Amino acid sequence: MKRLLLILVLTFSIQSLAYNQLTIQTVAERTNFESTSTYEDVMNFISILEKGSPLIRVENIARTAEGRDIPLLVIGDPLPQSPDDLVNDDRIVVYIQANIHAGEVEGKEATLMYTRDLLKEQDTEVLNHVVLLVCPILNADGNEKISPSNRSHQNGPVNGVGVRHNSMLLDLNRDAMKIESPEIEGVITNVYNRWDPSIIMDCHTTNGSYHEEPVTFTWMLNPNGDRLLINYMRDKMMPAMASRLREEYHTENCYYGVFMDPTDFDKGWFPYACEPRYMSNYVGVRNRLGILNENYIYADFKSRVQGCYYLIRSLLDYASQNNMEIRDMISKVDLSTIRRGMSPAPSDSFAITYQPKPTPEKVTIKAYEVEAAQSGSGRRRVIKTDRKKTVTVSYLADYYPVTSVKFPFAYVIEFPDPYIIALLKKHGIKVENLIQANTFDVEQFEIEELTGANRLNQGHYTNTIKGRFVEVQKEFPAGTHVVRTSQPLGNLIAYLLEPQTDDGLLFWNYFDRYLVPQWGRGYNPYPVYKIIESVDLKTKQILGMPFFIRQTSSSRLTN
């Protein structure tokens, strides 16, 4: 009897200790939202969660230039030890990322709060249908530069925040295509390629128009993503999350954007960033569901953190209730992308330029009127008034092509550039070599004008190119690199390798050394050739890190 009593007491003590560990507060909570967490605070918080629950473990995404390990929290029931454990598992993977800009800290606090509460409550609806990945502090180096002088126009926390850039002075939310930072290389290789999350949310703080809603968000916008996924987000998932956030969690919200003209609301509401250098758009080009969260800069810090927290809850609620639908839809889109690349139709195209059109439904914004003014330099600016005005306006968030090019069967890279091949590998793209010399009918891009930007952008004088495609017959030697588009990442392949895209490898200077002759004038042809129609390619694969596709009970896709 005494032995049984001792066992009960010990069991109760262990359970009480675990519960107490799962009631820990974040720095924001315990300082009444006057401070935000340091890197050490975050890592200590995570350590306590690990000790308090068997449903969480921690991986490393990357190590920063200053030597900090970036944590990836893996939460599940049962807890997977690797993606291999999810083969034939109906749960979908959801990845939430915060602090990519270390002055925008709501997501850092909110992700920690949500993870704690999920483990404490052991929400079976979520845990039965979702494996959750969380990175609360992606820009760990920037976070350690906390100062009240950073983002001083922001409404708290009063004790300051970190800086936007990482320790290499790179904006991590401009690095998805060129992958020059250890942080983004880690996200793409150790999260996207390794775990293949179906949904990704990236947490930020706004700089923009004046309104009452503390939480804003939108979906992936680039038109070179799959239209089925874009429309699903626009018409079903985002409205459902917005409604739940407002009705169940009593949090005012609107879709992310700025007024086209802050003095004339009727011109519309506009989310201006659609290139895939931005993480939420990048995942859309990868055939996954991307969400950009922007918490309203002029709301108080507590409202921003709580709003972000409830947005996370709304996302996990939706994902857990619709996991099968999301999983099957993504499998369908992946298969469609592979089949298109195997035999492109004459109508298959890729958007080079695009512009936004209004979405089918207008949006309602609880706005503040502004007054026009002149700055000391003579530039036009606006001043917020106390006059509130609720407006229902067009949401210019449906991007459609203006000019397009043919979508090819494969790209042939003329020169064996190790940096280009390494970058394709990091993205998870499969690259092959020709086994023997061969002659193909290809499209060759002839450059007519090449202009470098006047100002550095993330360390690059980015390129603008003009020219035209011509049909030629060209022989390529054995060993030439070939990239087929019959891969789940077919859209990303085209974005990186088409010469005229606004975010490809030519834009970011990867091909500069090949574009002009060493002697003489004019330009060399762009050294990536397009095989438009399906041909019998004799190749061998050279890539050791193909894009991972998780098998499910209804999907047997392979790469």
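Our structure is the block above this text.
Residues numbered from 1 in each chain as written. Predicted model: local features only at pLDDT ≥ 70, side-chain atom pairs only at ≥ 80, totals over all residues. Heavy atoms only, no water.

Participant: I would appreciate a short explanation of the overall build of the protein chain in the present structure.
Facilitator: From N to C terminus, the protein chain includes 13 helices and 21 strands. For 559 residues, the compact-globule formula gives about 24 Å, and the C-alpha radius of gyration of the protein chain, at 25 Å, lands near that figure. Each of the three principal axes of the protein chain carries a C-alpha extent, and together these read 85 × 70 × 45 Å. Relative to its 559 residues, the protein chain shows a buried fraction of 58%. Of all intrachain contacts in the protein chain linking residues separated by at least 6 positions in sequence, the fraction that spans at least 24 positions is 79%. Carbon and sulfur atoms make up 48% of the accessible area of the protein chain, which totals about 23,000 Å². With 59 positive and 68 negative side-chain charges, the protein chain shows a spacing of 1 Å between the two charge centroids. (Helix = DSSP H or I, 4+ residues; strand = E, 2+ residues; numbered from the N terminus. Rg over C-alpha atoms; globule rule 2.2 N^0.38 Å. Buried < 20%, exposed > 50% of the residue type's maximum accessible area, 1.4 Å probe, protein only. Contact = heavy atoms within 4.5 Å. Areas by Shrake-Rupley, 256 points an atom, 1.4 Å probe, with all protein chains shown as cover. Lys, Arg positive; Asp, Glu negative; His and termini not counted. Charge placed at Lys NZ, Arg CZ, Asp CG, Glu CD.)

Participant: Help me out: how do you make sense of the packing of helix H10 (residues 301-321) against helix H11 (residues 323-342) in this one?
Facilitator: Helix packing for two helices is described by the angle between their axes and how far apart those axes are. In contact at an axis separation of 4 Å, H10 and H11 are set at 75° when each is read in the N-to-C sense. Viewed along their axes, H10 and H11 adopt a mutual orientation that is roughly perpendicular. Each of Tyr318, Ala319, Ser320 and Gln321 in H10 lies in contact with H11, whose residues at this interface are Asn323, Glu325 and Ile326. Residue composition of the contact of H10 with H11, by class: three nonpolar, three polar and one charged. (Axes fitted to C-alpha atoms, helices over the stretch in contact; angles between N-to-C directions. Parallel < 35°, antiparallel > 145°, perpendicular 65-115°, else oblique. Nonpolar A, V, L, I, M, F, W, Y, C, P; charged D, E, K, R; others polar.)

Participant: Looking at this structure, how should I read the pattern of salt bridges?
Facilitator: Side-chain pairs of opposite charge can arise whenever the charged atoms involved come near each other. Applying the stated criterion to the full structure yields 42 salt bridges. Residues Asp171 and Arg174 are paired through a salt bridge, measuring 3.7 Å at the closest nitrogen-oxygen approach. Residue Asp171 shares its accessibility class with Arg174, and that shared class is buried. A salt bridge links Asp398 to Arg234, with the shortest nitrogen-to-oxygen separation between them at 2.6 Å. In this pair, Asp398 is assigned in strand E14 (residues 396-406) and Arg234 in helix H8 (residues 227-247), connecting sequence segments 164 residues apart. (Salt bridge = Lys/Arg side-chain N within 4 Å of Asp/Glu carboxyl O.)

Participant: Can you walk me through the sheet that holds strand E7 (residues 253-255) in this structure?
Facilitator: The strands making up a sheet are joined through hydrogen bonds of the backbone, oriented either antiparallel or parallel. Pairing in this open sheet of eight strands is mixed, and the strands run E1-E2-E4-E3-E5-E10-E6-E7 from one edge to the other. Looking at strand neighbours, the two that pair on one side only are strand E1 (56-63) and E7, the edges of this open sheet. Geometrically, the sheet is characterised by an average inter-axis angle of 20° between neighbouring strands, direction not taken into account. Relative to strand E10 (residues 289-295), strand E6 (residues 215-219) runs antiparallel, the two being bridged by five bridges. Within the sheet, the bridge partner assigned to Trp219 lies in E10 and is Ile291. (Pairing = 2+ DSSP bridges.)

Participant: Explain the packing of aromatic side chains to me, please; I cannot follow it from the model alone.
Facilitator: Each aromatic ring pair is specified by the distance between its two centres and by the angle formed by the two planes. Per the counting criterion, the structure on display carries 23 aromatic pairs. Within the aromatic cluster, the residues linked to one another by ring pairs are Tyr114, Tyr249, Tyr309 and Tyr310. Over the face of the ring belonging to Trp508 we find Lys178, whose NZ or CZ atom lies 5.4 Å from the ring centre. Sitting above the plane of the Phe469 ring, Lys530 keeps its charged end 4.5 Å from the centroid. (Phe/Tyr/Trp six-rings, centres within 6.5 Å; stacked < 30°, edge-to-face > 60°. Lys NZ or Arg CZ within 6 Å of the ring centre and 35° of its normal.)

Participant: How should unusual backbone geometry be read in this particular structure?
Facilitator: Note: most residues except glycine have negative phi, and most peptide bonds are trans. Note that the residue after Asp77, namely Pro78, is joined by a cis bond; omega there is 5°. That bond from Gly156 to Pro157 is cis: its omega, 0°, falls within 30 degrees of zero. One can find Pro157 in the loop between helix H6 (140-143) and helix H7 (182-195). A positive phi angle, close to 55°, is found at His250, a residue other than glycine. One can find His250 in the loop between H8 and E7. Judged by its relative accessible area of 69%, His250 is exposed. The phi angle at Asn509 is positive, at roughly 75°, despite the residue not being glycine.

Participant: Is there a simple way to think about the state of the cysteines in this case?
Facilitator: Two cysteines, two sulfur atoms, one covalent bond between them: this is a disulfide. Going through the model one piece at a time under the given rule, you end up with zero disulfides. Cys135 takes part in no disulfide bond, and the closest cysteine sulfur to it belongs to Cys203, at a distance of 10 Å. (Disulfide = S-S within 2.5 Å.)

Participant: How should the environment of Gly186 be read in this particular structure?
Facilitator: The topology assignment puts Gly186 in helix H7. Spatially, the C-alpha atoms of Gly186 and Ile61 are 5.0 Å apart, while their sequence positions differ by 125 residues. Not counting residues up to four positions away in its chain, the partners in contact with Gly186 are Ile61, Ala62 and Val191.

Participant: Mind showing me how you'd approach the packing of H8 against H10 here?
Facilitator: Where H8 meets H10, the closest approach of the two axes is 9 Å, and the angle between their N-to-C directions is 125°. With respect to H10, the element H8 is oriented oblique. Crossing of H8 over H10 shows right-handed handedness. Facing H8, whose interface residues are Tyr232, Lys236, Met237, Ala240, Met241, Arg244 and Leu245, H10 presents Gly307, Tyr310, Leu311, Ser314, Leu315, Asp317, Tyr318 and Gln321. Of the residues belonging to the contact of H8 with H10, the class tally is nine nonpolar, three polar and three charged. (Left-handed = near helix turned anticlockwise from the far one by under 90°.)

Participant: Would you mind showing me how to read helix H3 (residues 39-52) here?
Facilitator: Residues three or four positions apart in an α-helix share a direction because the helix packs 3.6 residues into each turn. Over its 14 residues, H3 runs 20 Å from end to end, which matches the ideal 20 Å to within 8%, given 1.5 Å per residue. When we look at burial in H3, the residues that qualify are Tyr39, Val42, Phe45, Ile46, Leu49 and Gly52. The arc that holds the buried residues of H3, viewed along the axis, is 155°, so those residues lie on one side. The exposed set on the far side of H3, more than 90 degrees from its buried face, consists of Glu40 and Lys51. (Expected span 1.5 Å × (residues − 1). Arc of directions from axis to C-beta.)

Participant: Explanation requested: the pairing of E1 in the structure shown.
Facilitator: Two faces make up the sheet, and in a regular strand the side chains alternate between them. Bridge count for E1 against strand E2 (residues 69-75) is seven bridges, and the pairing is antiparallel. Looking at E2, one finds that Arg57 is bridged to Val74. Hairpin geometry of E1 and E2 is characterised by an intervening segment of five residues between the two adjacent antiparallel strands and by a positive phi of about 95° at Gly67.

Participant: What am I meant to see in the environment of Tyr318 here?
Facilitator: By secondary structure assignment, the location of Tyr318 is in helix H10. For Tyr318, a relative accessible area of 6% translates into the label buried. When the C-alpha atoms of Tyr318 and Met237 are compared, they prove to be 7.5 Å apart, with 81 residues separating the residues in sequence. A distance of 2.7 Å separates a polar atom in the side chain of Tyr318 from a polar atom in the side chain of Tyr232. (Polar contact = N/O pair within 3.5 Å; in protein donor to acceptor, adjacent residues only side chain to side chain.)

So far we have only geometry, and geometry alone does not tell us how the molecule works.
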